[in-house]
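Chain and residue survey
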Amino acid sequence: MNLDYYQRPFFLISQPIASEVIKQPHSKRKSYWRLIPKKEYNHLQSKQLIDTYYSSILKEIEKIVSTKSRMYWLHLSRRILPSTSGKDKSPITVGVTRKIIDGAIEKYAKDEFCEHIGITGEIDISEVFDGLLLRNDLEYERELLKSLPRQIVLTKFNQTNMLEYYTLEKLAYEVWKCGATLRALGKGATIKINHSDKEYFTEIRSPELAFLIDNYDNRTFSFITSRKGVVLEDKDDLNSGKLLVPIYNVSNSKMDFFNPIFKQFGISLSFGDNMITNFLPILYPLKGFYNNNKPLFGSFFKKYKIEVVSILTVITAVAYKIFHKLFLEKDVGMVKPLFLRGYQGPILERDILKELNYFKHFAFLNLGLNEDEKKRVNIEKGFDFLKLQNRDTIDLLFTAPLKLFIPVSKDRVVIDYSKISQILDDLMFQVRIKNENFKGDLFEYVTNKYKSILPTNLCRSINNSSKQIDYAIAINKILVICECKLKENSIGYYKGNMQSLKQRRDNVIDLSINESNQKAIWLSKNPKGTNYDISVFDYILPLGLSAFKEFIPSTSKKYWITDSIPRVLTIEEFNKIIDSNTISEKNYNLIKIKNVR
């Protein structure tokens, strides 16, 4: 792929300030914490200090972002490789800080165009990058802009503006730092102020808490369920109903793996061997999301006064448009929203609505809608729901709710495809019904790989007692049984609220362990029943399964399979320990089966 107009100018602008960008945390950390006396603070004091610091960081972010337009910030930020300007550069942290920047742009930036961007054909080349393109060695960029159709470019942009962006990135990192610290405080940590350390404040953790938090952080998140705890895949159709959507390439994956796909579709495009793009396309199971969340649709309508099918049709239509134009029409320009920028626009709202009404028929097929569902689709209402209108609801600590259609002028919006997966992840969050047992279908996703060896209905003993075992699998002479608790997390949990964490411990971790223990003891005393026989096994290992990675509250052996593997697992973690032969007679919490042979 050829160079774009901004790449060499960005290098020239950034090179002199690169060391400044990575040298220190944002100056706000020093100016705030140096006024706080050096000592260790208790939980309540620590939380109050972090909350106040967070509020001060939000003011700094607003001060920067509000001076310029959404289009400016989108144009700039999506041309810089995802990273962080802080100490933690893990993929999860990179992803969160980028979402914080996206949220800040939606929440604080100006609606209309600003003087820092222009449109080629309407401005002189001397205005681009404050005249930088007039340099003799940037003739390629000058000629490129002259040869291409009209496009948005940066105008009043220099080292000061680039440093401003990296300052924003540092502030986004401070928001992440506040959230991470609040979550640690909720788990029992406190903070200590140290003016001689450039970090200024550090978490104080007991050895046990340090192990528990590190263990939690080193485990992977679950990606097979939404934030509601509903599995994404359609268990009855794992192949159709999926479309490509872009997500931030936080792991710096190289894109040449996609070249055979381009070749297969006859697209004259290829990525270089070491090319890293800002976005990575993933196959999102739109049909699975739609089908699996149907029990919640009535409650969703009562809460938001809109049919979910209208929202899903709009989202699927815009995702299908990328597929159609890139892979069927061979429009290589669509590589930009899918791999490079994550967005497209500005586009007139009326033109988007025309496209949505055209592509909705493909969306109907993709989602597998019946005639009654098609009749309930209202494209205009779906568009309005997904359009940014109330910026006050955006919570940067929670990085939600974000929108698909971002207004950038009076009648034009940007389609931010990179938000699709997050919008769907959050869509059903806190939409509740009385009986959410339907989420137990998560086990049917597991059993596509391993079928439960116990009845999926009641196990009945010879003495007429019975128990419901959610899932069971045999590993040599050990029967592993699982108790499923698919409760969604609260906003308080994500923000480190101690009471929310306690409720999580009581209602998910302890409850799943206690119930699986009770069922394992019952099975051990009743190894033969009218519809099952486990007498060939020596032990039962009772576990809990959750839709989410759970923070284990203690190093007590009650909570662990081994010294590092907890008893309450995500589906991915569960499958991993089954595949790796981790289960053995050396595990903790094995229950001996009564010998009836």
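This report concerns the structure included in the present document. (Residues numbered from 1 in each chain as written. Predicted model: local features only at pLDDT ≥ 70, side-chain atom pairs only at ≥ 80, totals over all residues. Heavy atoms only, no water.)

What to know about a nonpolar patch on the surface
- Residues I92, F221 and F223 make up a contiguous nonpolar surface patch of roughly 320 Å² in combined accessible area.
- You can see F221 is positioned in the loop between α9 (207–218) and β6 (242–248). (Patch = residues over 30% accessible without salt bridge, like charges linked within 9 Å, V, L, I, M, F, W, Y side chains within 5 Å. Areas by Shrake-Rupley, 256 points an atom, 1.4 Å probe, with all protein chains shown as cover. Salt bridge = Lys/Arg side-chain N within 4 Å of Asp/Glu carboxyl O. Helix = DSSP H or I, 4+ residues; strand = E, 2+ residues; numbered from the N terminus.)

Notes on the layout of surface pockets
- Quantified by volume, the second largest pocket comes out at close to 1,700 Å³.
- If you trace the second largest pocket, you find 50 residues lining it, with D4, R79, Q151, K336 and R341 closest to the centre.
- Elements with a minimum of two residues in the lining of the second largest pocket: α1 (7–14), α5 (70–77), α7 (139–147), α8 (159–186), α13 (308–328), α14 (335–340) and β8 (343–348).
- With five residues, β8 is the largest single contributor of residues to the lining of the second largest pocket.
- Residues that form the lining of the second largest pocket fall into these classes: 28 nonpolar, eleven polar and eleven charged. (1 Å grid on protein atoms, 1.4 Å probe; cavity = no way out; pocket = protein on both sides within 12 Å on 5 of 7 lines; lining within 4 Å. Points joined across faces, edges and corners; volume = space filled by probe spheres on them. Nonpolar A, V, L, I, M, F, W, Y, C, P; charged D, E, K, R; others polar.)

Concerning the sheet that holds strand β9 (residues 405–407)
- Across the sheet, which stays open at both edges, the three strands sit in the order β8-β10-β9 with antiparallel pairing between neighbours. Two strands lie at the open edges of the sheet, namely β8 and β9, each paired on one side alone. Shown here is a sheet whose adjacent strand axes are inclined to one another by a mean of 30°, direction ignored.
- Both β9 and strand β10 (residues 412–416) contribute to a ladder of three bridges, which runs antiparallel. Its bridge partner lying in β10, P407 is registered against V413.
- Its contacts with the sheet place helix α15 (residues 349–367) against β8, β9 and β10, and it is angled at close to 110° to β8. (Pairing = 2+ DSSP bridges. Axes fitted to C-alpha atoms, helices over the stretch in contact; angles between N-to-C directions. Contact = heavy atoms within 4.5 Å.)

Considerations on the nonpolar core
- One finds W33, I61, W73, F129 and L396 to be the most contacted residues of the largest nonpolar core, which totals 70 residues.
- Element by element, the count of residues in this core is highest for α8, at 13 residues.
- Setting aside residues up to four positions removed in sequence, W33 forms contacts with L49, I50, Y53, I191, I193, H195, Y200 and F201.
- With 62 residues, the next largest nonpolar core counts L286, F289, I347 and L386 among its residues. (Core = buried A, V, L, I, M, F, W, Y, C linked by side-chain atoms within 4.5 Å. Buried < 20%, exposed > 50% of the residue type's maximum accessible area, 1.4 Å probe, protein only.)

Here's the deal with the environment of A210
- Note on placement: A210 falls in helix α9.
- C-alpha of A210 to C-alpha of A189: the two residues are 21 residues apart in sequence and 8.8 Å apart in space.

Here we look at the packing of aromatic side chains
- Within the structure shown, the criterion is met by 44 aromatic pairs.
- Relative to Y532, the ring of W522 has its centre 6.1 Å away and its plane inclined at 40°; by these criteria the two rings are tilted. Remark: Y532 occurs in the loop between α21 (498–525) and β15 (539–546) and W522 occurs in helix α21; sequence separation between them is ten residues.
- The exposure class of W522 is buried, given its relative accessible area of 10%.
- Of the residues examined, Y532 reaches a relative accessible area of 6% and is grouped as buried.
- If you follow R227 out to its NZ or CZ, it ends over the ring of Y494, 4.7 Å from the centre. (Phe/Tyr/Trp six-rings, centres within 6.5 Å; stacked < 30°, edge-to-face > 60°. Lys NZ or Arg CZ within 6 Å of the ring centre and 35° of its normal.)

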